[in-house]
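Results of the structural survey
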Amino acid sequence: PALCGDYDITIALNDDGAGSNPLNLCSAPPDVQQTVSILDVPLVERWNLVSTYVNPFTTNASVVQRPIEGQYVVIQGFDGGAQSYYPDLPPAVNTLKEMDAEHGYWIKTVTRDQGSGTRDHSSAVATLRVVGEKFAEDRAIELDAGWNLVSYLPRQPLAVADALQSIDGKYTVVLGYDQGALSYYPDIDPSFNTLREMKPMFGYWIKMVQAGTLQYPTTADFRLPTADLRLKDKIENRKSQIANPTNTWVNFYGTASLPVGTVVQAMDPDGVVCGATVITHEGQYGLLACYGDDPATPGDEGARLGDTIQLVVDGQVLGVGTCSEHGSRQWRPLGQAEVWSVYLPLIRKGSR
């Protein structure tokens, strides 16, 4: 079957709940029917922040992960605190015990060595198949004060403010991830935000100022995003700047007297480019996601907490920030890049 699809299968049941014999075509019609929903969630190389609107019949994490056995490094969840499932550890040791359709999950897939050839990071390398019951789009999800890692239940994309209208004024930031960091802050100029819409099969971090109940709109009765929102966004340019983004980041943004199309890089004290963005609006840059180092790998992917981060354009440091709490933002205006004029002596033909 094609990736990203969902399927409904109707199973006939007898009075005792047992499946009817599919080979006995002359048997009496069953009394009960049950609809089983199947959802395929594609996973790309390295980090994925996913969710499903199909709740597994068996939510035990060791069962849910079976379709991607051997294809991932770790599954991470969050419910009042961090939870992890490592396939090489005994299930009893892992802290992520259940996986359901109310939460989002980080899944890090195995990196495949493809030599020096070109690798398409957008292609799926694994598929998490979930079998169970579809949750209603407007099913209530209880959120705690502070961070929550939640699923997205609607079947169609919605603009962030529209999707979260039930908790309007109660959240300070929404973070997403689609081969790179996406961030939404409701109290800044919308042109800075890189998360424009929420989409099915993606998970989202939501930071609440107080406990609340999230209830997504029913998309069948809701106006979907405008054509302008559905246009291919220049955010794609930002995502392509970093080869190996991680699952933690801090955002920098501010004014910048630089031409549209200029690349702004974030560099940590070790000289690692931990983030980059392309200026898409005149007079400003960002949100520029500076990624944190992944402590589970031997390589140095990015910054560590407390690091001083240099904001660089064409080798010149135009601003300085700090690697702070995941999801935080810092206003850091960039200075003017210096342009050096080089004068060459005029030599006339035939002169001595």
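This one's a predicted model, so the numbers in the text were calculated from it and none came from an experiment.

**A look at the overall build of the protein**
Scanning the protein for helices and strands turns up four helices and 23 strands. Relative to its 352 residues, the protein shows a buried fraction of 44%. Residue pairs at least 24 apart in sequence account for 72% of intrachain contacts in the protein once pairs closer than 6 positions are excluded. When the accessible surface of the protein is totalled, it reaches about 18100 Å², and 51% of it is carbon and sulfur.

**Considering the pattern of salt bridges**
Inspection of every chain in the model, using the stated rule, returns nine salt bridges. Between D294 and K108 there is a salt bridge, with the nearest N and O atoms lying 2.7 Å from each other. With D294 in the loop between β20 (284-291) and β21 (308-313) and K108 in strand β7 (residues 105-109), this residue pair connects regions lying 186 residues apart in the sequence. We classify K108 as buried; its relative accessible area is 12%. When the shortest N-O distance is used, the salt bridge between R304 and D270 registers 3.4 Å. Note that R304 is positioned in the loop between β20 and β21 and D270 in the loop between β18 (263-267) and β19 (273-278), a separation of 34 residues in sequence. Because the salt bridges share partners, they merge into one network encompassing D270, D293 and R304.

**A short note on the sheet that holds strand β13 (residues 181-184)**
Across the sheet, which stays open at both edges, the four strands sit in the order β10-β15-β12-β13 with antiparallel pairing between neighbours. Strands at the two margins of the open sheet, each flanked by one partner only, are β10 (146-150) and β13. Pairwise comparison of adjacent strand axes, ignoring direction, gives a mean angle of 20° for this sheet. Taken together, the four bridges between strand β12 (residues 171-177) and strand β15 (residues 204-208) define a ladder with antiparallel strand orientation. Paired with V173 across the strands is K207, a residue of β15.

**A look at the sheet that holds β21**
Spatial ordering of the open sheet is given by β19-β18-β21-β22, a layout of four strands whose pairing is antiparallel. Edge positions in the sheet fall to β19 and β22 (316-322), since each of these pairs with one other strand and no more. Strand-to-strand twist in this sheet, taken as the mean axis angle between neighbours without regard to direction, amounts to 25°. One ladder, built from three bridges, connects β18 with β21; its direction is antiparallel. Counted as the bridge partner of M267 is Q310 from β21.

**Quick word on the confidence of the model for the protein**
Across the protein, the average pLDDT comes to 84, with 76% of residues at 70 or higher. With pLDDT under 50 throughout, residues 12-28 is counted as low confidence; its partners more than four residues away or in other chains account for 15 contacts.

**Concerning the packing of aromatic side chains**
In the structure shown here, the tally under the stated rule is 11 aromatic pairs. Where W106 meets Y177, the ring centres are 5.1 Å apart and the plane angle is 70°; that geometry is what we call edge-to-face. Separated by 71 residues along the polypeptide, W106 in strand β7 and Y177 in strand β12 bring together distant segments of the chain. We classify Y177 as buried; its relative accessible area is 3%. The structure contains a cluster of three or more aromatic residues connected by ring pairs, namely W47, W106, Y177, W249 and Y291. The positively charged end of R139 is found above the aromatic ring belonging to F135, 3.8 Å away from the centroid.

**Topic: the environment of V174**
Tracing the chain through its elements places V174 in strand β12. Through-space distance from the C-alpha of V174 to that of L149 is 9.8 Å; in sequence the pair is 25 residues apart. V174 has contacts with V160, L164, L182, S183, Y184, L195, Y204, W205 and I206, leaving out every residue within four places of it along the chain.

**A word on the pairing of strand β5 (residues 72-78)**
By the criterion of burial, β5 is predominantly enclosed, with five of the seven residues buried. Relative to β7, β5 is paired through four bridges, and the arrangement is antiparallel. In the strand pairing of β7, I75 is matched with I107. Across four bridges, the pairing between β5 and strand β6 (residues 82-85) is antiparallel. Along β6, the bridge assignment pairs G77 with Q83.

Rules behind the numbers
Residues numbered from 1 in each chain as written. Predicted model: local features only at pLDDT ≥ 70, side-chain atom pairs only at ≥ 80, totals over all residues. Heavy atoms only, no water. Helix = DSSP H or I, 4+ residues; strand = E, 2+ residues; numbered from the N terminus. Buried < 20%, exposed > 50% of the residue type's maximum accessible area, 1.4 Å probe, protein only. Contact = heavy atoms within 4.5 Å. Areas by Shrake-Rupley, 256 points an atom, 1.4 Å probe, with all protein chains shown as cover. Salt bridge = Lys/Arg side-chain N within 4 Å of Asp/Glu carboxyl O. Pairing = 2+ DSSP bridges. Axes fitted to C-alpha atoms, helices over the stretch in contact; angles between N-to-C directions. pLDDT = per-residue confidence, 0-100. Phe/Tyr/Trp six-rings, centres within 6.5 Å; stacked < 30°, edge-to-face > 60°. Lys NZ or Arg CZ within 6 Å of the ring centre and 35° of its normal.

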